[in-house]
Amino acid sequence: MRGTVLHAPFDIRFEELPDPRIEEPTDVILRTVATCVCGSDLWNYRGVNPVTEARPIGHEYVGIVEEVGTAVASVRPGQFVIGGFAYSDNTCPNCRYGVQSACMHGGFMGACQAELIRVPLADGTLVALPEQPDAELVPSLLTLSDVMGTGWYAAVAAEVRAGSTVAVVGDGAVGLCGVLAAKELGAQRIIAMSRHEARQKLALDFGATDIVTERGDEGVARIKDLTDGIGADSVLECVGTNESMTQARHSTRVGGTVGFVGVPHDVQISGGELFRTHVGLRGGPAPVRRFLPDLIGRVLDGHITPGKVFDLTLPLAEVAEGYAAMDERRAIKTLLLP
């Protein structure tokens, strides 16, 4: 098969790789229908996370089951399935508590920007659709593998409620999906922080009521202005830098909550500040599997269309251009079709 390999910073290649095979009885092999580039992949692409050796990359996928291990009971060859970027048995204490991304026997997917992928713990990881979806639904279904599930988790972790005021820090695909999630969960006011016109338009389409272009202290001041000096009830942090986390915390009202899903890089948090402000923090790798059945239903019935975050579609063989376009902010998110 062919798949994507990161050799060094800014060095993405689409090359021949060994076909994946069943290694454990709980594995399945999928033929990918669609995959994509994630904003978190850019940390590796840019060399912010050290790249010490060539390795396959990618963690978002939908596909058709090709082969199943002898212990797999919930999916069968020929079915269209979706799985999260974390694989899980969905039965351990952590999974039963709703944190499948911290499964005691699980881990994280890789090598998904490829024609074929191996999914461990398939019964606990994959959700099969009742039938093959229409092609126009595939992009939205693909977002459930990560960015829509992650944006949803940011909103849940931030305790977004009906009638609440929400601010979203980050205008990438996760932040935009966070706007959509906040809308679905009943937020009355949703403030999206963005400087980019195309992303602002999509945020408004997803349910944002206000756009804030300022950053840092100026961005915080603007949110305070919009909320009569109080701050937002819930803030979704969808970037992962110290600046974005600081901006999120300082934009939160006394007693409010930050849901953080941006992969932290050099983030520093003062315990004294949290003590004084009563601001709560909750987040981490999103337990996408927990939300998949609900989100699949919302996509299939046409209630949400998170696939709008894909503004560039390329053949999988042109994956290097997909990375470059996102790195240079020429694209919000790249859809890759084998």
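> Explanation requested: the nonpolar core in the structure shown.
Burial of nonpolar side chains together is a common tendency in soluble globular proteins. With 55 residues, the main nonpolar core has Phe 80, Ile 82, Leu 144, Met 148, Val 160, Leu 236 and Val 309 as its most contacted residues. Residue contributions to this core peak at 8 residues, all from helix H6 (residues 173–184). With residues up to four places along the chain from it excluded, the contact list for Leu 236 reads Gly 151, Ala 154, Ala 155, Ala 158, Val 160, Val 166, Ala 167, Val 168, Val 169, Gly 178 and Gly 259. Val 37, Ile 57, Tyr 323 and Ala 331 belong to the second-largest nonpolar core, a separate cluster that totals 16 residues.

> Where do I start with the pattern of salt bridges in this structure?
When their charged atoms lie close together, side chains carrying opposite charge are able to pair. For the coordinates displayed, the defined rule picks out 20 salt bridges. Residues Arg 298 and Glu 184 are paired through a salt bridge, measuring 2.6 Å at the closest nitrogen-oxygen approach. Placement of the pair is Arg 298 in helix H11 (residues 288–300) and Glu 184 in helix H6, with a sequence separation of 114 residues. Between Asp 210 and Arg 189 there is a salt bridge, with its nearest N and O atoms 2.9 Å apart. Taken together, the positions of Asp 210 in strand E13 (residues 210–212) and Arg 189 in strand E12 (residues 189–193) put the pair 21 residues apart, joining distant regions of the chain.

> Is there a simple way to explain unusual backbone geometry in this structure?
Negative phi is the rule for most residues except glycine; trans is the rule for most peptide bonds. A positive phi angle, close to 45 degrees, is found at Leu 121, a residue other than glycine. Relative to the assigned elements, Leu 121 resides in the loop between strand E9 (116–119) and helix H3 (122–125). A relative accessible area of 18% means that Leu 121 is categorised as buried. Of note, Asp 266 is a non-glycine position whose phi angle comes to about 60 degrees, a positive value.

> What is the right way to look at the side chain of Thr 4 in this model?
Its place among the elements puts Thr 4 in strand E1 (residues 2–8). A polar contact is formed between the side chain of Thr 4 and the backbone oxygen of Gln 113, at a distance of 2.9 Å. In this view, Thr 4 contacts Ile 12, Arg 13, Phe 14, Arg 55, Pro 56, Ile 57, Gln 113, Leu 316 and Val 319; residues no more than four positions away in its chain are not counted.

Procedures and definitions
Residues numbered from 1 in each chain as written. Predicted model: local features only at pLDDT ≥ 70, side-chain atom pairs only at ≥ 80, totals over all residues. Heavy atoms only, no water. Core = buried A, V, L, I, M, F, W, Y, C linked by side-chain atoms within 4.5 Å. Buried < 20%, exposed > 50% of the residue type's maximum accessible area, 1.4 Å probe, protein only. Helix = DSSP H or I, 4+ residues; strand = E, 2+ residues; numbered from the N terminus. Contact = heavy atoms within 4.5 Å. Salt bridge = Lys/Arg side-chain N within 4 Å of Asp/Glu carboxyl O. Polar contact = N/O pair within 3.5 Å; in protein donor to acceptor, adjacent residues only side chain to side chain.

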